[in-house]
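What follows is the residue order along each chain.
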Amino acid sequence: MKLALVCVFVCSALLLPLQCRSQEPAKPADEKPAADAKPASDAPKKENPVKSSPSSLASGKKKYGQDCAMCHGKEGAGDGDLAEDMHLKLRDFRDATTLKDVADGDIYNIINNGKGKMMGEEGRLKPDEIWDIVNFVRSLPKK
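This structure is a prediction, so every number in the text was calculated from the model and none was measured.

**Q** Summarise the side chain of Ser56; cite the residues concerned and give the values.
**A** Residue placement: Ser56 occurs in helix α2 (residues 54-67). Accessibility expressed as a relative area gives 4% for Ser56, which makes it buried. Beyond its immediate stretch of four places on either side in the chain, Ser56 contacts Val50, Lys51, Asp132 and Asn135.

**Q** With reference to specific residues and values, describe a negative patch on the surface.
**A** Taken together, the side chains of Glu75, Asp79, Asp81, Glu84 and Asp85 define an acidic patch exposed on the protein surface. Note that Glu84 resides in helix α4 (residues 81-85).

**Q** Which residues make up unusual backbone geometry, and what values do they have?
**A** Here the phi dihedral of His87 falls at roughly 55°; this positive angle occurs in a residue that is not glycine. Secondary-structure assignment places His87 in the loop between α4 and α5 (104-113). On the basis of relative accessible area, His87 is assigned to the exposed category, the value being 74%.

**Q** Got a sec to walk through the confidence of the model for the protein? Specific residues and values, please.
**A** Per-chain confidence: the protein averages 79 in pLDDT, with 68% of residues scoring 70 or above. Per-element confidence in the protein ranges from a low mean pLDDT of 49 for helix α1 (residues 2-21) to a high of 98 for α2.

**Q** How would you sum up the state of the cysteines? Please name residues and give values.
**A** In the structure shown here, the tally under the stated rule is zero disulfides. Considering cysteine sulfurs only, Cys71 is the nearest to Cys68, which forms no disulfide, with 8.9 Å between them.

**Q** Account for the environment of Lys117, naming residues and giving values.
**A** Mapped onto the elements, Lys117 comes out in the loop between β1 (114-115) and β2 (118-119). The exposure class of Lys117 is exposed, given its relative accessible area of 58%. Considering only alpha carbons, one finds Lys117 and Leu88, 29 residues apart in sequence, at a separation of 9.3 Å.

**Q** Before we move on, could you go through the packing of α2 against helix α6 (residues 127-139) and cite the residues and values that matter?
**A** Contact geometry of α2 with α6 gives a least axis separation of 7 Å together with a crossing angle of 95°. As far as their axial angle goes, α6 and α2 are roughly perpendicular. Facing α2, whose interface residues are Ser56, Leu57, Ser59, Gly60, Lys61, Lys63 and Tyr64, α6 presents Glu129, Asp132, Ile133, Asn135, Phe136, Val137 and Ser139. The residue makeup of the contact of α2 with α6, split by class, is five nonpolar, five polar and four charged.

**Q** Which residues make up the pattern of salt bridges, and what values go with them?
**A** Across all of its chains, the model carries four salt bridges by this definition. Ionic pairing is found between Arg94 and Asp92, a salt bridge with its closest N-O pair at 2.9 Å. Assessed through its relative accessible area of 42%, Arg94 is described here as partly exposed. Overall, the relative accessible area of 24% leaves Asp92 in the partly exposed class. The salt bridge partner of Asp104 is Arg138, with a shortest N-O separation of 2.6 Å. Of this pair, Asp104 sits in helix α5 while Arg138 sits in helix α6; the two residues are 34 residues apart in sequence, bridging distant segments of the chain.

Here is what the cut-offs are and how they apply
- Residues numbered from 1 in each chain as written.
- Predicted model: local features only at pLDDT ≥ 70, side-chain atom pairs only at ≥ 80, totals over all residues.
- Heavy atoms only, no water.
- Helix = DSSP H or I, 4+ residues; strand = E, 2+ residues; numbered from the N terminus.
- Buried < 20%, exposed > 50% of the residue type's maximum accessible area, 1.4 Å probe, protein only.
- Contact = heavy atoms within 4.5 Å.
- Patch = residues over 30% accessible without salt bridge, like charges linked within 9 Å, V, L, I, M, F, W, Y side chains within 5 Å.
- Areas by Shrake-Rupley, 256 points an atom, 1.4 Å probe, with all protein chains shown as cover.
- Salt bridge = Lys/Arg side-chain N within 4 Å of Asp/Glu carboxyl O.
- Lys, Arg positive; Asp, Glu negative; His and termini not counted.
- Charge placed at Lys NZ, Arg CZ, Asp CG, Glu CD.
- pLDDT = per-residue confidence, 0-100.
- Disulfide = S-S within 2.5 Å.
- Axes fitted to C-alpha atoms, helices over the stretch in contact; angles between N-to-C directions.
- Parallel < 35°, antiparallel > 145°, perpendicular 65-115°, else oblique.
- Nonpolar A, V, L, I, M, F, W, Y, C, P; charged D, E, K, R; others polar.

See below:
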(Lines give C-alpha, C1' and ligand atoms only; values in the text may rest on other atoms or scores of the structure.)
Protein backbone atom coordinates (compact mmCIF):
# COMPACT_ATOMS: atom_id res chain seq x y z
CA MET A 1 0.00 0.00 0.00
CA LYS A 2 2.81 2.40 0.90
CA LEU A 3 4.61 1.56 -2.33
CA ALA A 4 1.47 2.35 -4.32
CA LEU A 5 1.08 5.69 -2.59
CA VAL A 6 4.72 6.52 -3.26
CA CYS A 7 4.23 5.56 -6.93
CA VAL A 8 1.15 7.77 -7.20
CA PHE A 9 2.99 10.67 -5.57
CA VAL A 10 6.06 10.28 -7.81
CA CYS A 11 3.91 9.98 -10.95
CA SER A 12 1.90 13.02 -9.93
CA ALA A 13 5.06 15.01 -9.28
CA LEU A 14 6.44 14.04 -12.69
CA LEU A 15 3.24 14.73 -14.60
CA LEU A 16 2.22 18.00 -12.90
CA PRO A 17 4.78 20.17 -14.77
CA LEU A 18 3.65 18.64 -18.07
CA GLN A 19 0.01 19.41 -17.32
CA CYS A 20 0.82 22.95 -16.22
CA ARG A 21 2.66 23.68 -19.48
CA SER A 22 -0.15 22.33 -21.61
CA GLN A 23 -2.17 25.00 -23.37
CA GLU A 24 -5.21 22.78 -23.72
CA PRO A 25 -6.93 21.32 -20.69
CA ALA A 26 -6.44 17.58 -20.39
CA LYS A 27 -9.36 15.46 -21.56
CA PRO A 28 -10.98 13.30 -18.91
CA ALA A 29 -10.12 9.63 -19.18
CA ASP A 30 -13.59 8.71 -20.41
CA GLU A 31 -13.15 10.95 -23.48
CA LYS A 32 -10.24 8.91 -24.85
CA PRO A 33 -11.05 6.87 -27.95
CA ALA A 34 -12.31 3.36 -27.46
CA ALA A 35 -10.05 0.44 -28.26
CA ASP A 36 -12.00 -0.36 -31.42
CA ALA A 37 -11.94 3.26 -32.63
CA LYS A 38 -9.96 4.05 -35.75
CA PRO A 39 -6.40 5.22 -35.00
CA ALA A 40 -5.54 8.87 -35.60
CA SER A 41 -4.28 9.69 -39.07
CA ASP A 42 -0.76 10.38 -37.79
CA ALA A 43 -0.67 7.04 -35.96
CA PRO A 44 1.81 4.44 -37.15
CA LYS A 45 -0.03 2.16 -39.53
CA LYS A 46 2.97 0.14 -40.55
CA GLU A 47 4.62 -2.78 -38.88
CA ASN A 48 7.02 -2.24 -36.03
CA PRO A 49 10.16 -0.61 -37.51
CA VAL A 50 12.32 -1.69 -34.55
CA LYS A 51 13.42 -5.31 -34.80
CA SER A 52 13.14 -7.36 -31.65
CA SER A 53 16.72 -7.81 -30.48
CA PRO A 54 18.44 -8.27 -27.13
CA SER A 55 19.16 -4.52 -26.94
CA SER A 56 15.58 -3.58 -27.89
CA LEU A 57 14.15 -6.01 -25.34
CA ALA A 58 16.52 -4.75 -22.62
CA SER A 59 15.55 -1.14 -23.36
CA GLY A 60 11.86 -2.05 -23.49
CA LYS A 61 12.09 -3.95 -20.21
CA LYS A 62 13.74 -0.97 -18.52
CA LYS A 63 11.13 1.52 -19.78
CA TYR A 64 8.30 -0.92 -18.99
CA GLY A 65 9.64 -1.22 -15.44
CA GLN A 66 9.71 2.56 -15.07
CA ASP A 67 6.39 3.45 -16.67
CA CYS A 68 4.15 0.38 -16.97
CA ALA A 69 4.87 -2.14 -14.20
CA MET A 70 3.14 -0.13 -11.48
CA CYS A 71 -0.18 -1.05 -13.12
CA HIS A 72 0.55 -3.95 -15.47
CA GLY A 73 2.83 -5.78 -13.04
CA LYS A 74 6.52 -6.62 -13.22
CA GLU A 75 5.85 -9.75 -15.28
CA GLY A 76 2.88 -8.35 -17.25
CA ALA A 77 0.18 -10.20 -15.29
CA GLY A 78 -1.90 -7.04 -14.80
CA ASP A 79 -1.32 -7.25 -11.06
CA GLY A 80 0.60 -4.06 -10.33
CA ASP A 81 0.12 -2.31 -6.99
CA LEU A 82 -1.52 0.75 -8.53
CA ALA A 83 -3.97 -1.33 -10.57
CA GLU A 84 -4.92 -3.24 -7.44
CA ASP A 85 -5.42 -0.02 -5.45
CA MET A 86 -7.57 1.44 -8.25
CA HIS A 87 -9.56 -1.83 -8.55
CA LEU A 88 -8.62 -2.20 -12.23
CA LYS A 89 -8.80 -5.53 -14.02
CA LEU A 90 -6.01 -5.48 -16.58
CA ARG A 91 -5.10 -8.03 -19.22
CA ASP A 92 -2.43 -10.64 -18.59
CA PHE A 93 0.27 -10.02 -21.20
CA ARG A 94 1.84 -13.38 -20.35
CA ASP A 95 -1.10 -15.10 -22.06
CA ALA A 96 -0.31 -15.39 -25.78
CA THR A 97 -3.97 -14.94 -26.74
CA THR A 98 -4.25 -11.55 -24.99
CA LEU A 99 -2.60 -9.54 -27.77
CA LYS A 100 -2.95 -12.09 -30.57
CA ASP A 101 -5.32 -9.92 -32.61
CA VAL A 102 -3.76 -6.56 -31.67
CA ALA A 103 -1.31 -5.04 -34.15
CA ASP A 104 2.00 -3.59 -32.97
CA GLY A 105 0.88 -0.17 -34.23
CA ASP A 106 -2.21 -0.38 -32.01
CA ILE A 107 -0.09 -1.22 -28.95
CA TYR A 108 2.18 1.70 -29.85
CA ASN A 109 -0.82 4.04 -30.02
CA ILE A 110 -2.16 2.88 -26.65
CA ILE A 111 1.23 3.45 -25.01
CA ASN A 112 1.65 6.84 -26.67
CA ASN A 113 -1.92 8.17 -26.36
CA GLY A 114 -3.31 6.23 -23.41
CA LYS A 115 -6.57 4.36 -23.09
CA GLY A 116 -9.32 4.63 -20.49
CA LYS A 117 -7.72 5.58 -17.18
CA MET A 118 -4.24 4.96 -18.55
CA MET A 119 -2.37 8.12 -19.38
CA GLY A 120 -0.24 8.02 -22.50
CA GLU A 121 3.42 8.87 -22.78
CA GLU A 122 2.48 11.78 -25.08
CA GLY A 123 5.96 12.92 -26.01
CA ARG A 124 7.86 11.74 -22.92
CA LEU A 125 9.36 8.80 -24.79
CA LYS A 126 10.93 8.73 -28.23
CA PRO A 127 9.15 6.58 -30.83
CA ASP A 128 11.93 3.96 -30.79
CA GLU A 129 11.61 3.68 -27.01
CA ILE A 130 7.88 2.99 -27.35
CA TRP A 131 8.58 0.38 -30.04
CA ASP A 132 11.07 -1.22 -27.62
CA ILE A 133 8.26 -1.49 -25.04
CA VAL A 134 6.04 -3.05 -27.72
CA ASN A 135 8.78 -5.61 -28.42
CA PHE A 136 9.16 -6.33 -24.70
CA VAL A 137 5.42 -6.78 -24.17
CA ARG A 138 5.33 -9.13 -27.18
CA SER A 139 8.14 -11.19 -25.57
CA LEU A 140 6.29 -11.75 -22.28
CA PRO A 141 4.27 -14.84 -23.36
CA LYS A 142 7.50 -16.54 -24.49
CA LYS A 143 9.02 -16.50 -21.00
